[in-house]
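Here are the chains, one letter per residue:
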Amino acid sequence: NAGVTQTPKFRILKIGQSMTLQCAQDMNHNYMYWYRQDPGMGLKLIYYSVGAGITDKGEVPNGYNVSRSTTEDFPLRLELAAPSQTSVYFCASSTKGLAGKFTSTDTQYFGPGTRLTVL
Amino acid sequence: DAKTTQPPSMDCAEGRAANLPCNHSTISGNEYVYWYRQIHSQGPQYIIHGLKNNETNEMASLIITEDRKSSTLILPHATLRDTAVYYCIVRVYGSSNTGKLIFGQGTTLQVKP
């Protein structure tokens, strides 16, 4: 298994440009997440998905959009890039336990990250 | 989810045990304590979790106080590769919520030769 993969690894955007950060997992996980991490800070949740066709906002969703058409893929779209979106972006996935409830053994698996700079 | 408090940084000599504390005084009965770590520029990595009993796996041990208001992650023989930011997170068990993790700023552990 490749686990969670993210592309690209690095990207520089100009203000106002758009781009899509790709995330894929091959572990058949229901749940997927997008986090951002600013320098010296912990991760903050942007969006998450509990299954194909279902997405919801996290702590810091403004300026981003997501879609989940398949179990494997969860792309994150930036429509009008701003300098405040300069950050490292991490995608993660996890399983769902019985009856839709998380069990104590659920852990999140993270991708290697995408480093984005907006100038 | 309960909030956690960790020291911002710690040093440890290579080969010695690293003991990383975490306070979670508002933890409730159905919240687990999870530990993740993030080695420079990489995605976070799961280490261990527990409810009220002490836990051990191949990476670390987790000691939770009897009142569950604090815990300690122990890396028994720290190596230079254990230099990382360590996050203590509490999370509701059995909830039908999203399972999302709330990250604080963590403890930066520097293992020195």
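Data block above holds the structure.
Predicted, not measured: the structure shown is a model, and the values here were computed from it.

Caption draft 1: Representation of the overall build of chain A. On a plain count of helices and strands, chain A comes out with zero helices and 11 strands. Reading the helices (α) and strands (β) of chain A from amino to carboxyl end gives β-β-β-β-β-β-β-β-β-β-β. Its C-alpha atoms give chain A a radius of gyration of 14 Å, near enough to 14 Å, the size a compact globule of 119 residues would have. Across the 119 residues in chain A, those meeting the buried criterion constitute 45%. If you take every contact in chain A between residues at least 6 apart in sequence, the share linking residues at least 24 apart comes to 57%. Looking at chain A as shown, the accessible area adds up to about 5600 Å², and 54% of this sits on carbon and sulfur atoms.

Caption draft 2: Fine view of the side chain of Ser-93 of chain A. All names here are of chain A. Inspection of the secondary structure puts Ser-93 in strand β9 (residues 87–94). Under the relative-accessibility criterion, Ser-93 is labelled buried at 0%. Among the polar contacts listed, one links the side chain of Ser-93 to the side chain of His-29, at a separation of 2.7 Å. Sequence-distant contacts of Ser-93, that is, excluding residues within four places in its chain, are made with Val-4, Gln-25, Met-27, His-29, Tyr-31, Met-32, Tyr-33, Thr-107, Gln-108 and Tyr-109.

Calculation criteria
Residues numbered from 1 in each chain as written. Chains lettered and ligands numbered in written order. Predicted model: local features only at pLDDT ≥ 70, side-chain atom pairs only at ≥ 80, totals over all residues. Heavy atoms only, no water. Helix = DSSP H or I, 4+ residues; strand = E, 2+ residues; numbered from the N terminus. Rg over C-alpha atoms; globule rule 2.2 N^0.38 Å. Buried < 20%, exposed > 50% of the residue type's maximum accessible area, 1.4 Å probe, protein only. Contact = heavy atoms within 4.5 Å. Areas by Shrake-Rupley, 256 points an atom, 1.4 Å probe, with all protein chains shown as cover. Polar contact = N/O pair within 3.5 Å; in protein donor to acceptor, adjacent residues only side chain to side chain.

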